[in-house]
Amino acid sequence: MEAVVLALVRLLVAVEVACRGANGLLLKSSSELLKTELERMNTNGIRCSVDLNLRNLDFMRVYSEINRAMSCMVQYLRDNNEQAWAWSLLGNSYQQQSRMDFANICFKQSANIAGSLISFVHGWYFLGPFVVGKSEVDGDPTEFFGGIHNVSRTRFTRDIQYYSELAPNGVVRWISFPEYKGRYVTIDPVVNWKDLVNSLGSLGITEWQGWAVGDITVNAKNVKISLRCMGVHSVFVDGFPVVGDIYRREQFSFPVALSRGLHTIYIRGRTKGALEFRCDVDTIPSSSLSFQILKPPFIPDIYDGRFFSKYFPLLILNKNSSDWLVIKRISLVNIAPPLEGVDVRIGLKGDKAFPVAPGQTRPIIIELIANDFVFTESCTKVKLTLLVSTSLGSAQSSLSFRCRGGQQSFLFTFIDHDGSLQHAAAIKPLLPCEEKLCPVVLTLHGTSVPPQNQADSYKQMISHEFVFGLEKAWILAPTRHGAHNWEGPGALTAMTALREFALMTDSCDWIRDKASPDSVIFAGHSMGGHGAWHLATHFPDMALAVVSLAGWIKKEEYGDSNLFFRHDIANSHVTPQIKSILEDCITENEADRHVSNLMGLNVMMRIGAEDRTIHPYFNRRMFRILSEWKINVTYVEVKDKEHWWWDIKLMMVAVLMMSSCGTL
């Protein structure tokens with residue numbers, strides 16, 4: 001008993017010591033701290049000589065001697081006792097001096113006002129705009145001055161200048177922007193873009209880069225936060241890289257463990273016009289589940305009453321900032337509507353555990369094995385409820401599979417060349433094929449067009465009803481996210497979809513007409529039109545014909561989308577030899593260089609005469625080169641049409657042309 005009493009006494013003494021100030025007085029509140037510190041500073045002749053506002057406090061903490069900066073913070077808080085940000089600044093200063101007793105009181109007061117995390121950025125500071133090249137990561141103009149971590153220390157001053165050819169007089173300075181929680185920050189630099197475009201003859205000059213920097217503060221020890229920055233690609237917290245949500249999907253976030261004190265968010269943005277971004281910062285409750293199951297980007301369909309695909313994805317977010325998550329098992333909990341005779345088994349692909357790194361969002365590939373049960377024609381949707389068992393707990397998730405059939409397009413999944421799970425859309429032939437083997441129209445979509453929309457564009461109006469598909473050919477519309485332009489990984493995905501789809505139709509005895517991977521019409525629109533050129537010139541032995549609709553020849557000459565070393569920061573540092581090597585790496589994607597590979601094929605080209613997204617100039621050029629090689633080419637410029645249109649009278653013209661040439 002005496003030992004317990006002695007321990008309690010020691011604890012009380014320790015608490016009292018922790019709450020005492022430098023003069024030995026017991027500090028019971030934040031107001032007593034301010035009173036004590038004001039007296040000490042007056043005695044020592046420490047005075048604040050600037051106007052008392054938050055901007056000047058930020059300036060003082062960076063540029064002034066720490067005691068003088070703290071005197072300004074104390075005097076400011078004397079008149080603004082409910083300003084949580086100032087309390088955190090003062091606590092951070094005491095913490096830097098290892099005066100933890102004072103720091104504890106300051107952070108506690110800030111937490112009483114605003115919580116353990118001040119979850120909005122106190123204010124954004126922007127530096128830019130600077131020119132930027134078309135490569136994903138061009139040179140950073142702040143590196144000459146020691147990088148953004150060093151340059152950001154100047155953001156509270158108005159007289160420090162940096163240099164940019166986009167700005168009047170070649171000078172840019174830090175500009176401040178307020179933060180409104182839950183709203184996007186808009187940064188629209190004052191630049192005479194029209195003059196630059198007209199003078200340089202380049203729309204590419206309107207793309208620019210810059211840095212945005214802001215601070216947040218943590219008022220408790222070891223707080224786990226969730227950070228989601230939308231509209232930007234490169235984000236750092238105190239130098240630690242965090243995944244940005246450039247496509248603004250609003251479901252991806254990144255966990256970061258932060259110590260008590262001040263922390264800085266650095267955002268490197270690039271855009272055309274105005275830069276708009278938003279950063280949401282929230283605490284992760286310690287009681288919450290360590291992972292989150294997110295909505296998958298695609299789910300395969302049930303086709304003609306059967307599970308046509310063997311795999312489907314599930315997105316898992318590891319909400320831990322340091323611990324790995326291991327997906328151990330996926331099991332089926334329920335299937336709805338309840339069905340007799342259906343046997344469905346669910347498991348991880350290859351029965352292997354899937355590790356998920358701290359902060360990672362990983363698509364998990366789930367394998368589905370079903371018996372020969374056939375869903376009735378009345379089937380519209382089948383819902384599977386899954387149990388996800390991990391090293392850090394379990395959770396359920398439900399997925400709905402559409403029921404499709406007949407001439408409806410349907411989605412299916414396949415394992416791609418890189419081991420990832422991808423999807424595509426398909427439509428079966430309208431009429432039976434000879435020898436039960438049909439050619440495939442491999443049709444490639446343009447930017448932002450979903451694969452089902454691409455497949456469904458092959459339709460015609462019969463008796464006031466749309467009929468989808470072609471008479472004696474499969475429609476296959478693959479997809480892959482990203483700016484691949486159907487080159488490199490995009491081309492590999494398209495060809496893998498073709499091969500896997502042929503194997504899948506061959507393994508289904510209930511599908512009469514199989515898909516032939518060796519008899520292909522390469523087709524596409526816009527970016528997909530370029531893809532049709534690319535695949536046909538690279539795989540001519542498989543090609544029956546080529547249909548390129550409003551397709552460009554090479555990205556580097558199409559508009560301003562991928563200018564090659566035109567406005568790059570790196571231009572002043574890269575030698576001609578290096579440039580030639582880099583250019584050699586992309587010549588395989590230039591369709592006009594490989595036209596001779598299309599000898600003996602039928603080629604159909606069509607574009608709207610008023611298309612200004614992809615000017616007919618590019619199609620006319622390909623028409624000239626094809627004609628020079630005496631390739632059988634049909635070229636049509638459709639009067640009064642632009643890049644997108646729908647015209648019943650012109651529907652299926654390419655297919656009819658191919659039929660008349662004996663291709664189908």
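Residues numbered from 1 in each chain as written. Predicted model: local features only at pLDDT ≥ 70, side-chain atom pairs only at ≥ 80, totals over all residues. Heavy atoms only, no water.

Draft legend 1. Geometry of the overall build of the protein chain. Looking only at helices and strands, one finds 14 helices and 33 strands in the protein chain. For the protein chain, the spread of C-alpha atoms along the principal axes amounts to about 100 × 70 × 45 Å. Counting across all 664 residues of the protein chain, residues that qualify as buried make up 51%. When the accessible surface of the protein chain is totalled, it reaches about 31300 Å², and 52% of it is carbon and sulfur. Between the mean site of the 66 positive side-chain charges and the mean site of the 67 negative ones, the protein chain shows a separation of 5 Å. (Helix = DSSP H or I, 4+ residues; strand = E, 2+ residues; numbered from the N terminus. Buried < 20%, exposed > 50% of the residue type's maximum accessible area, 1.4 Å probe, protein only. Areas by Shrake-Rupley, 256 points an atom, 1.4 Å probe, with all protein chains shown as cover. Lys, Arg positive; Asp, Glu negative; His and termini not counted. Charge placed at Lys NZ, Arg CZ, Asp CG, Glu CD.)

Draft legend 2. Representation of the sheet that holds strand β13 (residues 275-283). With respect to topology, four strands assemble into an open sheet ordered β6-β13-β8-β11, the strand pairing being antiparallel. Whereas interior strands pair on both sides, the edge strands pair on one side only; in this sheet they are β6 (185-187) and β11 (254-258). Ignoring strand direction, the axes of neighbouring strands in this sheet form an average angle of 30°. Pairing of strand β8 (residues 223-230) with β13, which is carried by six bridges, proceeds in the antiparallel orientation. Along β13, the bridge assignment pairs M230 with R278. (Pairing = 2+ DSSP bridges. Axes fitted to C-alpha atoms, helices over the stretch in contact; angles between N-to-C directions.)

Draft legend 3. Up close: the pattern of salt bridges. All told, the structure shown has 24 salt bridges when counted by the stated rule. Residue D280 is joined to R278 by a salt bridge in which the shortest nitrogen-to-oxygen separation is 2.8 Å. Through salt bridges that share partners, K554, E557, E590, D592, R593 and R621 make up one connected network. (Salt bridge = Lys/Arg side-chain N within 4 Å of Asp/Glu carboxyl O.)

Draft legend 4. View of the environment of L368. Here L368 shows up in strand β21 (residues 361-370). Considered as a pair, L368 and S516 are 148 residues apart in the sequence and their alpha carbons are 25 Å apart. The contacts of L368, once residues within four sequence positions are left out, are F307, K310, F312, V344, R345, I346 and L384. (Contact = heavy atoms within 4.5 Å.)

Draft legend 5. Inspection of helix α3 (residues 54-63) at higher detail. Within the span of α3, buried status applies to L54, N56, L57, D58, M60 and V62. Buried residues along α3 sit against α4 (66-79) and α5 (84-96). Of the residues flanking the start of α3, the one acting as N-cap is N53, its side-chain oxygen 3.2 Å from the backbone nitrogen of R55. (Polar contact = N/O pair within 3.5 Å; in protein donor to acceptor, adjacent residues only side chain to side chain.)

Draft legend 6. Quick look at unusual backbone geometry. The step from G128 to P129 runs through a cis peptide bond, and the omega angle for that step is 0°. Its place among the elements puts P129 in strand β2 (residues 124-131). The linkage connecting A336 with the following residue, P337, adopts the cis geometry, with an omega of 0°. With respect to the element layout, P337 can be found in the loop between β18 (325-336) and β19 (344-348). The phi dihedral of N222 is positive, around 50°, even though this residue is not glycine.

Draft legend 7. Up close: the environment of I462. Note on placement: I462 falls in strand β27 (residues 459-462). A sequence separation of 229 residues divides I462 from H233, and the C-alpha atoms of the two residues are 47 Å apart.

Draft legend 8. The environment of V131, seen in detail. Topologically, V131 is positioned in strand β2. With relative accessibility at 5%, the residue V131 sits in the buried group. Separated by 370 residues in sequence, V131 and F501 have C-alpha atoms that sit 45 Å apart.

Draft legend 9. Quick look at the packing of aromatic side chains. Taken as a whole, this structure holds 27 aromatic pairs when the rule is applied. Ring geometry for F307 versus F375: centroids 5.6 Å apart, planes at 80°, classification edge-to-face. Of the two residues, F307 sits in strand β16 (residues 306-307) while F375 sits in the loop between β21 and β22 (381-390), which places them 68 residues apart along the sequence. Residue classification places F307 among the buried positions, given a relative accessible area of 18%. Measuring from ring centre to ring centre gives 5.5 Å for W552 and Y558, while their planes differ by 10°; the resulting arrangement is stacked. By relative accessible area, Y558 is classed as buried at 11%. These aromatic residues form a ring-pair network of at least three members: Y303, F308, F410, F412, F414, W474, F501 and W510. Positioned over the ring face of F466 is K459, at 4.6 Å from the centre of the ring. (Phe/Tyr/Trp six-rings, centres within 6.5 Å; stacked < 30°, edge-to-face > 60°. Lys NZ or Arg CZ within 6 Å of the ring centre and 35° of its normal.)

Draft legend 10. Representation of the sheet that holds strand β14 (residues 291-294) within the structure. Read across the sheet, four strands follow the order β14-β17-β21-β19 without closing on themselves; strand pairing throughout is antiparallel. Strands with a single pairing partner mark the edges of an open sheet, and in this sheet they are β14 and β19. Averaged over all pairs of adjacent strands, the angle between strand axes in this sheet comes to 35°, irrespective of strand direction.

Draft legend 11. Summary view of the packing of α4 against α5. As a packed pair, α4 and α5 sit with axes 10 Å apart at the nearest point and diverge in direction by 150°. The orientation of α4 relative to α5 falls into the category roughly antiparallel. The handedness of the crossing between α4 and α5 is left-handed. On α5, the residues touching I66, M70, M73, V74, Y76 and L77 of α4 are A86, W87, L89, L90, S93, Y94 and Q96. (Parallel < 35°, antiparallel > 145°, perpendicular 65-115°, else oblique. Left-handed = near helix turned anticlockwise from the far one by under 90°.)

Draft legend 12. Region of interest: the pairing of strand β23 (residues 393-404). Here strand β15 (residues 302-303) pairs with β23 via two bridges, running parallel. Residue pairing in the sheet places I302 in a bridge with C403 of β23. Of the strand pairs in this sheet, β22 and β23 are connected by 10 bridges, and their pairing is antiparallel. Within the sheet, the bridge partner assigned to L386 lies in β23 and is S397. Linking two consecutive strands that pair antiparallel, namely β22 and β23, is a turn of two residues.

Draft legend 13. Quick peek at the state of the cysteines. Considering all chains together, one arrives at four disulfides under this definition. Put simply, C48 and C72 are joined by a disulfide, and their sulfur atoms are 2.0 Å apart. The S-S bond linking C48 to C72 shows a torsion near 100°; that makes this disulfide right-handed. Separated by 24 residues along the polypeptide, C48 in the loop between α2 (30-43) and α3 and C72 in helix α4 bring together distant segments of the chain. (Disulfide = S-S within 2.5 Å.)

Draft legend 14. The packing of α2 against helix α6 (residues 100-114), seen in detail. As a packed pair, α2 and α6 sit with axes 10 Å apart at the nearest point and diverge in direction by 130°. On the basis of the axis angle, α2 is oblique to α6. Note on packing geometry: the crossing formed by α2 with α6 is left-handed. Where α2 approaches α6, its residues S30, L33 and E37 are matched on the opposing element by F102, I105, C106 and Q109. Each residue belonging to the contact of α2 with α6 can be placed in one class, and the counts come to four nonpolar, two polar and one charged. (Nonpolar A, V, L, I, M, F, W, Y, C, P; charged D, E, K, R; others polar.)

Draft legend 15. Quick peek at the pairing of β27. Looking at chain direction, β27 and strand β28 (residues 465-468) are connected through four bridges and run antiparallel. Residue Q460 lies in a different strand from β28, and its bridge partner there is V467. Connecting β27 to the next strand, β28, in antiparallel fashion are two residues, including S463 with a positive phi near 55°.

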